[in-house]
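Here is how the chains run, residue by residue.
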Amino acid sequence: MSAEPLPRRETVTGRPRQVRPLPRHRAQSEIDEQTALGDAYVRSLMRGQLRAGLGAFTLIALLAGSLPLAFAALRSEPAVWIVLGLGAYPLLVGVAWWYVRRAERNEQDFARLVEGRPAR
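First, a word on scope: everything that follows refers to the structure included in this document. The numbers attached to residues start from 1 for each chain and follow its sequence in the written order. With the structure being a predicted model, the display of local features is reserved for residues of pLDDT at least 70 and the display and counting of side-chain atom pairs for 80 or more, all residues being used for whole-chain, interface and lining totals. Here the side-chain values reflect all heavy atoms present in the structure, with hydrogen atoms and water set aside.

## A few points about the overall build of the protein chain
Every helix listed is a DSSP run of H or I at least four residues long, and every strand listed is a run of E at least two residues long, numbered separately from the N terminus. Scanning the protein chain for helices and strands turns up three helices and zero strands. When its helices and strands are written in sequence order, the protein chain yields α-α-α. The reference for a compact globule is 2.2 Å times residues^0.38; the radius of gyration itself is calculated from the C-alpha atoms. Against the 2.2 N^0.38 benchmark of 14 Å for 120 residues, the protein chain shows a C-alpha radius of gyration of 31 Å, more extended than a compact globule. Across its three principal directions, the C-alpha atoms of the protein chain cover 115 × 40 × 20 Å. Taking all contacts inside the protein chain whose residues are at least 6 apart in sequence as the whole, residues at least 24 apart take part in 58%. Contacts were defined at the residue level, with two residues in contact if any of their heavy atoms lie within 4.5 Å.

## Observations regarding the environment of Glu-115
Structurally, Glu-115 is set in helix 3 (residues 77–115). Through-space distance from the C-alpha of Glu-115 to that of Ala-27 is 7.4 Å; in sequence the pair is 88 residues apart.

## Focus on the pattern of salt bridges
Put simply, a salt bridge is a Lys or Arg side-chain nitrogen that is within 4 Å of an Asp or Glu carboxyl oxygen. What the rule picks out here adds up to two salt bridges. Notably, a salt bridge pairs Arg-43 with Asp-39, separated by 3.2 Å at the nearest N-O pair. Linking Arg-43 with Asp-39, this pair stays in helix 2 (residues 36–74), spanning four residues, or about one helical turn. Classification of residues uses two cut-offs on accessible area relative to the type maximum, computed with a 1.4 Å probe and protein chains only: under 20% is buried, over 50% is exposed, and between them is partly exposed. Looking at Arg-43, the relative accessible area reads 41%, which means it is partly exposed.

## Here we look at the environment of Gly-116
Tracing the backbone shows Gly-116 in the segment after helix 3. Put simply, Gly-116 and Gln-28 are 88 residues apart on the chain and 8.6 Å apart in space, counted from C-alpha to C-alpha.

Here's what the structure looks like:
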């Protein structure tokens, strides 16, 4: 075995690395730059929220509009309170619950789109 000298270790240095900004998703940059595509994304969210709001408003208007007809048909004060307590208020709570769920789902879908995650 020959006694070869080990190569000398050298430290290689270069210019300091510059930190690059995190890559932004296309949809997010489109919205931030207010391009036509970004405007379309925002309008689609607004349309979805408007559709949910109008649907809830329509259901509540139908419910409130039918109450005077129910009261006239019943002509009994205890029956009116039963219709209000057991019919109208639970339906109002159900419509409110549906609207909140729908609005949150619209916002989650929009956030998923902006972040570049796949749809459910």
